[in-house]
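Residue-level listing of the chains:
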Amino acid sequence: MFPRLLICEGAEDHWFLHKLIETWKIQRFHIQPAGGNTKFANAISQFELEKTTAFNGLADVVVVADNNDAPGARFDNACAEIRKAFGASAVPSGPQVASKSKPRCSVLMVPWTGVEGTLEGLCVDAAKDADKTTGAHVDAFLATLKAETWQSNSRFGKAWLRSNLAARCAVDPFVPLGKAFNDKKHAGLIPIKHKSFKQIADFLAKVEKT
Amino acid sequence: MLDATWIENFRCFRQLSIKGWAPVNVIVGENGAGKTTLLEAMFLAMSGSPQKGLLLRQFRGNDALFQGDPGAIVDAIYAEFFHRLDLGQSPEIKLRGKGQENRTLKIIRGRGNVRIPRDAATTKDAEILSPIIFDWWTGKKRHTAGVKVTPKGFEFENTGEQLPSNWFFYAAQTPVPARENADRFAAVRRAGGAEKFVSTFKSLFDWIDDIFVDSSVGTPVLSAVDRYQRVPLPLTAVSGGINRMAAILLAIALRPKGIVLVDEIENGVFFTKHLPFARALLRFSREYDCQLFLSTHSQEWLRAFAEAAEDRVADIALWRLSRGAKTPEMRRFTGHTFKLGIEQGAEVRREKGDQEDVPSPSDM
């Protein structure tokens, strides 16, 4: 029984959070992928319907959402989903602020509050530090593509990480991000103990104590 | 409209307390969890004669022919209503609501009485009042009805109350008699609701051109005219499922503010008809202000029902019965949760174990 529920967007976020919690020795959460950022409320309802006993004992719900290129709008969207699932009193006043409802609800924005991007962007520094040579090659490659002119941190992060993983994972250039975190064959592609993930791990560790 | 139900010592229920019935209630749960028993309990409490108990027994497939000592037969018929067949623990069913459904039924096994009618020629004409007594309470008023065992057989007493004629129970497997549907259609027509019923039914089955009451060897039957063959056919001859769907919609349309209980609503309904039938049920329920209690095993039907509800889910509740350690347990979910969960592909019919919450790589 874990009285904490993490609702994330997709399966890859699920794997990332699972590995992060395990590696940083954070107390366990239920993790429920929603299948998209407009389906957080549905996922909460699914959890309620399928795990009633666990749902009744729920103390904290954390919605984990990507900022993409519009952090404010994406936070508002996460709040709208919380309102749909639990009502207006459960809506938090800002990212990483828990509401005073039961269960307490909070929103964790990825890569971090107010920072444009996604989970892929958050992983860039960890992947770069794990293999500096390939990292430099990928930087050069994206510079050649003039990726900075896309004016999208979110798409830039995705392109960078996808190129990096393809270059470093010869056995499976399409290696899914989730497998990169959790499959022993791919250990080291993105070291989850990297400092880039510390603030998220610290936030989740704080939830267990509230 | 029913708001709450308390059941004690009735069949599998040692105790069950339900508060917060919605206008439309969908009941799920595994076999033997008590879905049928719950509907039966409410139906029995809404009735006014022990004869309905015999009817429920027949709905469950029990024979209506008996042999042996009359007193023992009566005991045997009603014993199954007692929790664990313990005749010492009286079953009690309390219904709480806003109208005549506010009533309580106690089934008591007391001592049988022998009554000798004044005009009896011999003691063989004596009537035996069975030891099973049904007591209905409405407030402080008691209405008693028993089962008499006479030389001619059983006689079921009636409380004599004027009970509403718009409370119905449709068992899972029992066919709906043709005459019953014909009578109800005639009553709906007299009340001015025939056109709505016919147009709804035609939209469910596009081959139906018209529906009317016909006569078959002196018995009224509800018949449909086939648009293509131009032949009127009794609905019972066309399909048991269609006949049942018609019966349920007619029961709702018969009089406003009714209560309709349907066990296994999906029975006899082809999968492509789940959605239009669910839409018709919801529309009729709302327009006639009829409270529905629908049990189901079908996820397919639940999905259709959630889709049919669209955004109007405030009057719907999903109830899940599960076999508790000592007695079945009932959990309530709002229509909102039901709808959102279904959209996410949730398995709403049973609670999943609290397992490792990591998907397999094949989920990715």
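Residues numbered from 1 in each chain as written. Chains lettered and ligands numbered in written order. Predicted model: local features only at pLDDT ≥ 70, side-chain atom pairs only at ≥ 80, totals over all residues. Heavy atoms only, no water.

**Regarding the overall build of chain A**
Here is the rule we go by: Runs of H or I in DSSP of at least four residues are treated as helices and runs of E of at least two as strands, each being numbered from the N terminus. Note that the radius of gyration is over C-alpha atoms, with the globule rule given as 2.2 Å times the number of residues to the power 0.38. Any two residues whose heavy atoms approach within 4.5 Å are treated as being in contact.
Across its full length, chain A holds nine helices and four strands. Relative to its length of 210 residues, chain A is compact, with a C-alpha radius of gyration of 17 Å against a globular reference of 17 Å. Along the longest, intermediate and shortest principal axes, the C-alpha atoms of chain A span 50 × 35 × 25 Å. Considering only contacts within chain A whose residues lie at least 6 apart along the sequence, 66% involve residues at least 24 apart.

**Quick word on the confidence of the model for chain B**
All names here are of chain B. How we decide: Residue-level confidence of the predictor, termed pLDDT, takes values from 0 up to 100.
For chain B, mean pLDDT is 89; residues scoring 70 or higher make up 91% of the total. Ranking the helices and strands of chain B by mean pLDDT puts strand E15 (residues 291-295) first, with 98, and strand E6 (residues 113-115) last, with 61. Interface scoring of the predicted complex returns ipTM 0.79; its pTM is 0.86.

**Some details on empty space enclosed by the protein**
All names here are of chain A. Let me state the cut-off plainly: A pocket here means an open set of points on a 1 Å grid, computed over the protein atoms alone, that has protein on both sides within 12 Å along at least five of seven lines. A cavity is instead a set of points where a 1.4 Å probe fits but cannot get out; residues with an atom within 4 Å of a point line either one. Grid points are joined across faces, edges and corners, and a volume is the space filled by probe spheres set on the points. Three categories are distinguished: nonpolar for Ala, Val, Leu, Ile, Met, Phe, Trp, Tyr, Cys and Pro, charged for Asp, Glu, Lys and Arg, and polar for the others, with Gly belonging to the last.
Within the structure shown, the criterion is met by one cavity of 30 Å³ or more. Within this model, the largest cavity holds a volume of roughly 50 Å³. Taken together, Glu9, Asp13, Phe16, Leu17, Val64, Ala65, Asp66, Val110 and Leu119 make up the lining of the largest cavity. For the lining of the largest cavity, the secondary-structure elements that each account for two or more residues are helix H1 (11-23) and strand E3 (60-66). A breakdown of the residues in the lining of the largest cavity according to their chemical character gives six nonpolar, no polar and three charged.

**What to know about the domain arrangement of chain A**
Size of an interface: often given as the accessible area lost when the parts come together. All names here are of chain A. Filter applied, for reference: Residue ranges for the domains trace back to a domain assignment, done automatically or taken from a database. Once two parts are put together, the accessible area they lose, assessed with a 1.4 Å probe and summed over both, is termed the buried area.
The assigned domain composition of chain A is domain 1 (4-115 + 197-209) and domain 2 (119-191). The distance between the C-alpha centroids of domain 1 and domain 2 comes to 25 Å. Across the boundary between the two partners, domain 1 contributes 13 residues, which contact 15 residues of domain 2. Between domain 1 and domain 2 the total buried area reaches about 1,200 Å² when both faces are included, carbon and sulfur atoms providing 64% of it.

**Focus: the nonpolar core**
All names here are of chain B. Test applied: Buried Ala, Val, Leu, Ile, Met, Phe, Trp, Tyr and Cys residues form a nonpolar core when they are joined through side-chain atoms within 4.5 Å. Relative accessibility under 20% of the residue-type maximum defines a buried residue, over 50% an exposed one, and the middle range a partly exposed one, all with a 1.4 Å probe and only protein chains included.
With 62 residues, the main nonpolar core has Phe197, Phe201, Leu281 and Phe305 as its most contacted residues. Of all the elements, helix H7 (residues 240-254) adds the most residues to this core, at 11 residues. For phenylalanine 201, the residues in contact, after removing those within four places along its chain, are Ile208, Ile211, Leu235, Ile242, Met245, Ala246 and Leu249. In terms of nonpolar packing, the next biggest core, distinct from the first, is built from 46 residues, Ile7, Trp21, Leu39 and Val147 among them.

**A closer look at the side chain of asparagine 164 of chain A**
All names here are of chain A. Looking at where asparagine 164 falls in the secondary structure, it is placed in helix H7 (residues 153-168). The exposure class of asparagine 164 is buried, given its relative accessible area of 0%. If sequence neighbours within four positions are ignored, asparagine 164 has contacts with Ala127, Thr134, Gly135 and Val138.

**Describing unusual backbone geometry**
Most peptide bonds adopt trans geometry, and most residues besides glycine take a negative phi value. Residues and elements named next belong to chain A. Geometrically, the link from lysine 102 to proline 103 is a cis peptide bond, its omega value of 0° lying close to zero. Assignment of secondary structure puts proline 103 in the loop between helix H4 (71-86) and strand E4 (104-110). In this chain, valine 110 is followed by proline 111 through a cis amide linkage whose omega measures 5°. Residue position: proline 111 is located in the loop between E4 and helix H5 (119-130).

**Details of the sheet that holds strand E1 (residues 4-8) of chain A**
All names here are of chain A. To be explicit about the condition: In this analysis, strands are considered paired if DSSP registers two or more bridges between them. Every axis in this analysis is a line fitted to C-alpha atoms, fitted for helices over the stretch in contact. Angles between the N-to-C directions lie between 0 and 180 degrees.
Pairing within the open sheet is parallel, and its four strands lie in the order E2-E1-E3-E4. The open sheet has two edge strands, strand E2 (30-33) and E4, and neither has a second partner. Along the sheet, successive strands turn relative to each other by an average axial angle of 20°, direction set aside. The pairing of E1 with E3 spans four bridges and is classified as parallel. The residue of E3 that forms the bridge with isoleucine 7 is valine 63. This element, H1, spans E1, E2 and E3 of the sheet and lies at about 165° to E2.

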